Amino acid sequence: MGAHARPNRFHRTGVRIASAALVGAALPIGATGLAQAATPDDTPHAAAADTGEQAGQAAPAEQAGPAIKADHAFLLDARDGSQERELWAGAKADESVPMASTTKIMTAVVVLKHPEWLERQITVKQEYRDYVQEVGASTADLQTGDTLTARQLLHAMLIPSGADAARALADHFGNGDTEEARISDFIAQMNAEAQQLGLKGTHFDSVDGISQGNNHSTARDLAKLGQRAMLQPVFADVVKNTQYETEAPAANGRTRYYTWINTNELLTTYDGALGVKTGSGPEDGYCVVFAAERDNRTLIGVILGDDTGRFDDATKVLDWGFAH
């Protein structure tokens with residue numbers, strides 16, 4: 001992805017746009033214009049860094065760590081959810097790099113600080129659609145004048161990676177007299193939350209990962225953020241969906257039906273996968289924050305700046321983690 005993809009086809013998160021169907025209220029939910037995830041390649045990857053010792057004993061070289069290409073990688077054992085234990089860190093797990101749409105994890109975390117507002121009605125503005133077109137961002141294809149709840153917009157943001165939904169949420173949950181002021185305030189809330197969580201290598205300058213030059217994190221920080229997000233039942237319920245269908249009142253009084261497909265292919269290819277969020281961009285490469293549960297263990301991992309084989313690498317990391 002050496003150049004910006006064209007809006008309406010492919011975009012900076014590496015998936016096709018979602019779309020919506022407008023039909024009479026009496027019609028059943030339809031699945032038109034479904035978003036599609038980009039297909040990773042299956043190119044084998046060379047071995048990466050080793051982890052030194054396992055359980056107090058020097059590990060054999062072939063068991064030192066998962067054999068993946070990405071150096072910006074990290075894996076933790078979330079245990080019972082309230083604790084975390086490092087299982088493996090890539091050679092550059094603590095280097096801050098662009099994180100693309102994994103940014104939207106923090107956007108959701110800030111929104112979920114106000115669970116009492118999840119059923120608030122938010123009207124889609126033309127400005128949200130214009131923004132997506134202007135920057136070539138991923139979209140949930142929200143239609144101007146439609147009214148969705150904040151809960152629905154979380155689905156629109158986290159499942160098809162809709163930057164239009166992220167914009168709508170930030171505009172509604174931020175403070176200020178103008179849209180730009182409210183979004184700037186929301187970004188400040190994101191950075192305050194990062195500081196509170198001790199994410200020292202993380203800084204946000206956008207709500208969707210379309211960076212202005214200062215939107216970055218580390219694999220270690222994002223694993224910790226992913227773990228905290230997954231402690232939120234609403235967040236965990238959203239990101240586990242491979243597909244989500246919903247309806248919303250349209251501006252003309254009819255009913256709009258939306259169908260969104262999750263960009264996270266692990267949900268359909270990895271046994272026990274729980275989420276979490278994908279991302280990609282010209283400067284960011286392919287990223288994924290992922291989680292899976294087996295045998296009463298929950299693992300959360302991160303890969304940043306990978307190639308199109310990120311899901312294959314994530315699979316290798318999880319397999320290695322469950323074996324240790």
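Bear in mind that the values here come from a model prediction, so they are computed numbers and not experimental data.

### Comments concerning the sheet that holds strand β4 (residues 73–77)
Taken in spatial order, the 5 strands of this open sheet run β5-β4-β14-β13-β12, and their pairing is antiparallel. The open sheet has two edge strands with one neighbour each: β5 (85–89) and β12 (273–281). Across the sheet, the mean angle separating the axes of adjacent strands is 10° when strand polarity is ignored. Bridging between β4 and strand β14 (residues 297–306) involves 5 bridges; their strand directions are antiparallel. Bridge assignment links D77 to a residue of β14, and that residue is L299. On top of the sheet, helix α9 (residues 310–322) reaches β4, β5, β12, β13 (285–294) and β14; it is set at about 35° to β13, its chief contact.

### Overview of the packing of helix α3 (residues 150–158) against helix α4 (residues 163–173)
Put simply, α3 and α4 touch, their axes get as near as 8 Å, and they point 140° apart. For the pair α3 and α4, the crossing hand works out as left-handed. Here A150, L153, L154, A156 and M157 of α3 come into contact with α4, specifically with A165, A166, A168, L169 and F173. Residue composition of the contact of α3 with α4, by class: 10 nonpolar, no polar and no charged.

### Some remarks on the nonpolar core
Residues M106, L142, L169 and F235 are the most contacted members of the largest nonpolar core, which totals 64 residues. If we ignore the near neighbours within four places in the chain, the residues touching L169 are V111, I122, A150, L153, L154, M157 and F186. Membership of the second largest hydrophobic core comes to 21 residues, among which are L87, L267, F290 and L299.

About the thresholds
- Residues numbered from 1 in each chain as written.
- Predicted model: local features only at pLDDT ≥ 70, side-chain atom pairs only at ≥ 80, totals over all residues.
- Heavy atoms only, no water.
- Pairing = 2+ DSSP bridges.
- Helix = DSSP H or I, 4+ residues; strand = E, 2+ residues; numbered from the N terminus.
- Axes fitted to C-alpha atoms, helices over the stretch in contact; angles between N-to-C directions.
- Contact = heavy atoms within 4.5 Å.
- Left-handed = near helix turned anticlockwise from the far one by under 90°.
- Nonpolar A, V, L, I, M, F, W, Y, C, P; charged D, E, K, R; others polar.
- Core = buried A, V, L, I, M, F, W, Y, C linked by side-chain atoms within 4.5 Å.
- Buried < 20%, exposed > 50% of the residue type's maximum accessible area, 1.4 Å probe, protein only.

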